[in-house]
Structure formats: structure tokens, C-alpha cells
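# Residue-level structural notes
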Amino acid sequence: MSADAELSSILNRRQQINEALDNGQSVKPTFKVVNIYTEFHEFTRKEIKDYQATFSKYDVGNDGYLDLAELKIMMEKLGAPQTHLGLKGMIAEVDEDADGKISFREFLLIYRKARAGELISDSGLGQLARLTEIDVDEVGVGGAKNFFEAKIEQQLRTNKFHDEIRQEQEERRRIEEERIVRRQQFQQRAAVFQ
């Protein structure tokens, strides 16, 4: 489609919408399928793949959407639980097709808005963007490593078996250290008789 034809199509659609609204009719939005990589040109392919992995991790239903329950679980696991109204507000802020769920494209809008500074830092979406994004250029590889280790530690702390496992590991370590000390003492005593 040439640029003139595309512009003409857009202007015709706009005219139809305006006429329908003037007549009191409701207009259903139409969305064009766009390549994610070209639409979100501000992200690298790797960043989009990382966002896709995060999205897929919490898309338990594997339907390509984060619904209210999945978003609730995601926010709880990230350590920023939200109220029911807060979750609905988060969805409404990026839900362009008004279906009550977040598609992957809408999920990427969160990060676009975060980069543009359009999100309130204390809002649910602001917290989501901050908790799931790390800028390696800013903090360096060591900072990213520390960030992810801290996130893993935070998630492990919530695991009820983590403390028990840690205690078992410490007990095994202590027993092994005592065994090594006893062996060294035995070898020292045995050296006297040789």
C-alpha cells in the first residue's frame, strides 16, 4: 500500500468514526496486527525476548493474555501485591482493546511508558516495570548479578522449606568440619609413633 493510499484509508476511517459519533452510535476500535519488533523499536530484540519470557512465566493459562488472577499472582511474587481495584486500574491503563486482560503487546506498553517516564512510580504499573526490569548499562553486569541474586533470595525466603534446607546444609557442613579436625588430630598423634 502506498503512503497516499494508507493516509487516505486512515482519513476515511477517521471520518467514519466522527460521523458515527455525531449520530450517537458507538464505534468499536479496530486494531491492525503489527510486528512487535518494528512497533517497539526502542527495545532490542533481546529485551523483547526477556519481556516475553517474563510474560509467559505468569501467563499460566497459556492463552496469550494476563488476566486479573494472573496479574495478581505476578504482583504478589514480585513482592508488590495490589488490591483488586489496583489490579483493575493497572489493566485499564494499558488495555487498549478493552477486553479486561493484558496482551503481550499491551505488556510491552508498560515498559514503553516506564521508559518515557509516563508511569507514576508508586502505581502498580510503575512497580511492575521497576521490579521486572534491570538496566545493565546503568548498574553493570555485577549490579545485575546482585539484583537477580537478591530477587532469588527474596523468593526463596518465602519458601517454607528454605529455612529447613539451610539448617540441614549448615549441620552437614559442621559435621564435615568436625570430621576433618578429628582426622587431622589423629594424623598428628599417629605421626608421633612413626
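All figures in this text were calculated on a predicted structure; none of them were measured in a lab.

## Digging into the overall build of the protein
Within the protein one finds nine helices and two strands. Counting from the amino terminus, helix and strand elements in the protein follow one another as α-α-α-β-α-α-β-α-α-α-α. Residues classed as buried in the protein amount to 23% of the 194 residues present. Put simply, 44% of the contacts in the protein that link residues at least 6 apart link residues at least 24 apart. Carbon together with sulfur atoms contributes 53% to the accessible area of the protein, which is approximately 14100 Å² in total.

## Things to note about the UniProt feature "domain: EF-hand" (unreviewed entry) in the protein
In the numbering used here, UniProt assigns the "domain: EF-hand" (unreviewed entry) feature to residues 46–81 and 82–117. Taken end to end, residues 46–81 is 64% helix and 6% strand, and its two terminal C-alpha atoms sit 28 Å from one another. The span residues 82–117 shows a helical share of 67% and a strand share of 6%, and its end C-alpha atoms are spaced 21 Å apart.

## Remarks on unusual backbone geometry
Both trends apply: most residues other than glycine have a negative phi, and most peptide bonds are in trans. The backbone of Asn-62 sits at a positive phi, close to 50°, despite the residue not being glycine. Relative to the helices and strands, Asn-62 resides in the loop between helix 3 (45–58) and strand 1 (65–66). With a relative accessible area of 66%, Asn-62 lands in the exposed category.

## Description of the nonpolar core
Within the largest apolar cluster, 26 residues are counted, with the highest numbers of intra-cluster contacts made by Leu-71, Met-74, Phe-104, Phe-107 and Leu-128. At the level of secondary structure, the elements contributing two or more residues to this core comprise helix 3, helix 4 (68–77), helix 5 (84–94), helix 6 (104–116) and helix 7 (124–132). Each residue touching Leu-128, except ones within four places of it in the same chain, is listed here: Met-74, Met-75, Leu-78, Met-90, Phe-107, Ile-110 and Tyr-111.

## Some details on the packing of aromatic side chains
Any aromatic ring pair is given by two values, namely how distant the centres are and how the planes are angled relative to each other. Applying the stated criterion to the full structure yields six aromatic pairs. Between Tyr-51 and Tyr-111 the ring centres are 4.1 Å apart and the planes differ by 10°, which places this aromatic pair in the stacked class. Of this pair, Tyr-51 sits in helix 3 while Tyr-111 is found in helix 6, placing the two residues 60 residues apart along the sequence. On the accessibility criterion, Tyr-111 (0% relative accessible area) is buried. Joined through ring pairs, the aromatic side chains of Phe-43, Tyr-51, Phe-55, Phe-104, Phe-107 and Tyr-111 make up one cluster. We note Lys-101 situated over the ring of Tyr-65; from NZ or CZ to the ring centre the distance is 4.5 Å.

Criteria and thresholds
- Residues numbered from 1 in each chain as written.
- Predicted model: local features only at pLDDT ≥ 70, side-chain atom pairs only at ≥ 80, totals over all residues.
- Heavy atoms only, no water.
- Helix = DSSP H or I, 4+ residues; strand = E, 2+ residues; numbered from the N terminus.
- Buried < 20%, exposed > 50% of the residue type's maximum accessible area, 1.4 Å probe, protein only.
- Contact = heavy atoms within 4.5 Å.
- Areas by Shrake-Rupley, 256 points an atom, 1.4 Å probe, with all protein chains shown as cover.
- UniProt positions renumbered as here; feature names shortened; annotations may be inferred.
- Core = buried A, V, L, I, M, F, W, Y, C linked by side-chain atoms within 4.5 Å.
- Phe/Tyr/Trp six-rings, centres within 6.5 Å; stacked < 30°, edge-to-face > 60°.
- Lys NZ or Arg CZ within 6 Å of the ring centre and 35° of its normal.

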